Amino acid sequence: LKAVAFPGGLLSFRVFDARYLALIAQCLRESQSLGVIATCTTTAHDHQQAAPQTERVGVRAELIKTDAQHLGVLHVRCRGMERFEVLSTQPQSNGLLTASVQFLPRDKSVSPTSELLESLRALINAIAALKAQGVQPFLSPFRLDDAGWVANRWCELLPIPLAAKQRLMELNDPLIRLKLVDEFLKNKGLINQK
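Only a predicted model underlies this, so the values are computations on that prediction, with no experimental measurement involved.

(A) Here's a closer look at the confidence of the model for the chain. Summing up the model confidence of the chain, the mean pLDDT is 90 and the portion of residues at 70 or higher is 93%. Taken element by element, the predicted model of the chain shows its lowest mean pLDDT in strand β4 (residues 49-54) (61) and its highest in helix α3 (residues 147-157) (97). Below a pLDDT of 50 lies the segment residues 43-51, which in the model reaches seven contacts outside its immediate sequence neighbourhood of four places, other chains included.

Printed below as a string of C-alpha cells:
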C-alpha cells in the first residue's frame, strides 16, 4: 500500500483490483491475516521512474471488518499487529508477492517519561476533538500509559511523509520514537517547549 501500518493501529483501505479481492477472500475463508507493507519507489540513475519496490519492514494485519459498498469495491478495516522484516519475496503468477518474513520483537511496554507528557496530553486532546467531530481514528483499548502506543497513534495522525512514517515504525525503541514525535510537535508549535 501507499501507507504505513503501525502495531495497534486501525488501517482502512478500499480494494477493487481482482487480485487483491481474491487475496482478501482467501484471508477471510482461511481466517488468516495479511502482511501490510508500504511501497517505495526508487529512481534510476537516469532519473526515469523505476518499478515500485516494497519496504523491508511491514506489519501483520488482522482483518476486523469488510464491507462491499459498491459492486467490485470492498472496504477493508484491519488492526495492525506485530512488525515483520521481509527476508525474501516470491512473485506469483497473478502479480502479487508472497514473502518469507521474520517477526520483530514487540515494543516493550514503557510509560512516557515526564518530558514527554505534553505529547501525551496533546494526544488526549486530539482524541477528544476528533470524537466531538464523530471520528474514532483509533481502536480500543487506548493505552495512554504506553509510550509506543502513544507514538504510533501520533505517527498515524501527523502529516509527515510516508518515508518518515516508515522509519519511525521501524524503530525498535518506543521511547525514541515518542521523543522524535515530541520534537516534531514542539518544532511545529503544536505543544509547548519547556
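(B) Highlighting the environment of His 70. Considering the arrangement of structural elements, one finds His 70 in strand β5 (residues 57-70). Along the sequence, His 70 and Arg 106 sit 36 residues apart, while their C-alpha atoms lie 37 Å from each other.

(C) Fine view of the packing of aromatic side chains. All told, the structure shown has four aromatic pairs when counted by the stated rule. Judged by centre distance (6.4 Å) and plane angle (80°), the rings of Phe 138 and Phe 142 are edge-to-face. Residue classification places Phe 138 among the buried residues on the basis of a relative accessible area of 4%. For Phe 142, a relative accessible area of 31% puts it in the partly exposed group. Each ring, one from Phe 142 and one from Trp 149, has its centre 5.6 Å from the other, and the planes form 35°; the classification is tilted. Overall, the relative accessible area of 3% leaves Trp 149 in the buried class. Grouped by ring-pair contacts, the aromatic residues Phe 138, Phe 142 and Trp 149 constitute a single cluster.

(D) Summary view of helix α1 (residues 18-29). The first and last C-alpha atoms of α1 sit 16 Å apart over 12 residues, in line with the 16 Å expected at 1.5 Å per residue. One side-chain oxygen at the N-terminal end of α1 lies 2.8 Å from the backbone nitrogen of Arg 19; it belongs to Asp 17. With its phi angle positive at about 50°, Ser 31 sits one or two positions after the end of α1.

(E) Up close: the nonpolar core. Among the nonpolar cores identified, the biggest contains 41 residues, and Val 76 and Trp 154 are the most heavily contacted of them. In this structure Val 76 touches Leu 11, Ser 12, Phe 13, Val 15, Ile 24, Leu 63, Lys 65 and Thr 66, once residues within four positions along its chain are discounted.

(F) Spotlight on the pattern of salt bridges. Summed over all chains, the structure comprises 11 salt bridges. In this structure, Arg 79 engages Glu 62 in a salt bridge whose closest nitrogen and oxygen atoms are separated by 3.1 Å. You can see Arg 79 sitting in strand β6 (residues 73-91) and its partner Glu 62 sitting in strand β5, a full 17 residues away along the chain. Given a relative accessible area of 27%, Arg 79 falls into the partly exposed group. Among the salt bridges present, the one from Glu 170 reaches Arg 167, with a minimum N-O distance of 3.2 Å. Of this pair, Glu 170 and Arg 167 are both found in helix α4 (residues 162-170), three residues apart, which corresponds to roughly one turn of the helix. Its relative accessible area of 42% is what places Arg 167 among the partly exposed residues. Each member of the salt-bridge network shares a partner with another, and the members are Glu 55, Arg 167 and Glu 170.

Here is what the cut-offs are and how they apply
Residues numbered from 1 in each chain as written. Predicted model: local features only at pLDDT ≥ 70, side-chain atom pairs only at ≥ 80, totals over all residues. Heavy atoms only, no water. pLDDT = per-residue confidence, 0-100. Helix = DSSP H or I, 4+ residues; strand = E, 2+ residues; numbered from the N terminus. Contact = heavy atoms within 4.5 Å. Phe/Tyr/Trp six-rings, centres within 6.5 Å; stacked < 30°, edge-to-face > 60°. Buried < 20%, exposed > 50% of the residue type's maximum accessible area, 1.4 Å probe, protein only. Expected span 1.5 Å × (residues − 1). Polar contact = N/O pair within 3.5 Å; in protein donor to acceptor, adjacent residues only side chain to side chain. Core = buried A, V, L, I, M, F, W, Y, C linked by side-chain atoms within 4.5 Å. Salt bridge = Lys/Arg side-chain N within 4 Å of Asp/Glu carboxyl O.

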